[in-house]
Amino acid sequence: LAYSTVDGHTQKICEHLCQRLEEQAHTVTLASLGDSMPTGMESYDKVVVGASIRYGKHRPVVYEFIRINRRTLESRPSAFFSVNVVARKPGKDSPDTNPYMKSFRRKTTWRPALLGVFAGKIDYQRYGFLDRQVIRLIMWMTHGPTGSHDCVEFTNWAGVDAFARRVSSL
């Protein structure tokens, strides 16, 4: 279970997935794409990649991981999920309707067997001044929370659990 996170919420989702998969008798390895590129991917039966969005984009390391491990990803069951606050809105919360998942699919030819989209979290107190102001502006434009001390988690944890069951059955 490899992940890219900016503020830690994608990691939290991955830890939740890990727990659910272990409850279903899977052995799971968590690997951050933040510090160094995980190696030895060919030794895993399944690969799940989770990536957060910041300012409308997945981080470049996600695409680099996919490029480096493409042969492995294509040779076994795999899944990808995106975490973004746009997914808080009905009609933007599925792989077919989420704009960031659509963009991801245009940017890579990897076609995982399973795709997922989860709404993320806004936590203004964790952001630096500039990020806080930019994200507040984006939220104001999209009718989201804008209080400078707001902390709102939009994640549908039942949906994460359902995704874990689908990963388990790959």
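A quick note: this is a predicted structure, and the numbers were derived from the prediction, not measured.

## Here's the deal with the pairing of strand 5 (residues 78–84)
With 7 of 7 residues buried, strand 5 is to be regarded as a mostly interior element. Residues S78, F80, S82 and N84 of strand 5 are buried on one face, and the alternating residues A79, F81 and V83, pointing to the opposite face, are buried as well. In this structure, strand 3 (residues 47–54) lies alongside strand 5, joined through 6 bridges in parallel fashion. Bridge pairing in strand 5 places A51 opposite S82. In this sheet, strand 6 (residues 114–119) lies alongside strand 5 in parallel orientation, the contact comprising 6 bridges. Within strand 6, the residue paired with N84 across the bridge is A119. Regarding the hand of the β-α-β motif, the stretch spanning strand 5, helix 3 (residues 99–107) and strand 6 is right-handed.

## Comments concerning the nonpolar core
Core analysis: the biggest nonpolar cluster contains 19 residues, and V62, F80, F104 and W110 have the highest contact counts within it. Those elements that place two or more of their residues in this core are strand 3, helix 2 (60–74), helix 3 and strand 6. No other element matches the 5 residues that helix 2 contributes to this core. Those residues in contact with F80, other than ones at most four positions away along the chain, are V49, A51, H58, V62, M101, F104, W110, P112, L114, L115, G116 and F163. L1, I13, C14 and V83 belong to the second-largest nonpolar core, a separate cluster that totals 18 residues.

Cut-offs and rules
- Residues numbered from 1 in each chain as written.
- Predicted model: local features only at pLDDT ≥ 70, side-chain atom pairs only at ≥ 80, totals over all residues.
- Heavy atoms only, no water.
- Buried < 20%, exposed > 50% of the residue type's maximum accessible area, 1.4 Å probe, protein only.
- Helix = DSSP H or I, 4+ residues; strand = E, 2+ residues; numbered from the N terminus.
- Pairing = 2+ DSSP bridges.
- Right-handed = clockwise from strand over helix to strand, strands pointing away.
- Core = buried A, V, L, I, M, F, W, Y, C linked by side-chain atoms within 4.5 Å.
- Contact = heavy atoms within 4.5 Å.

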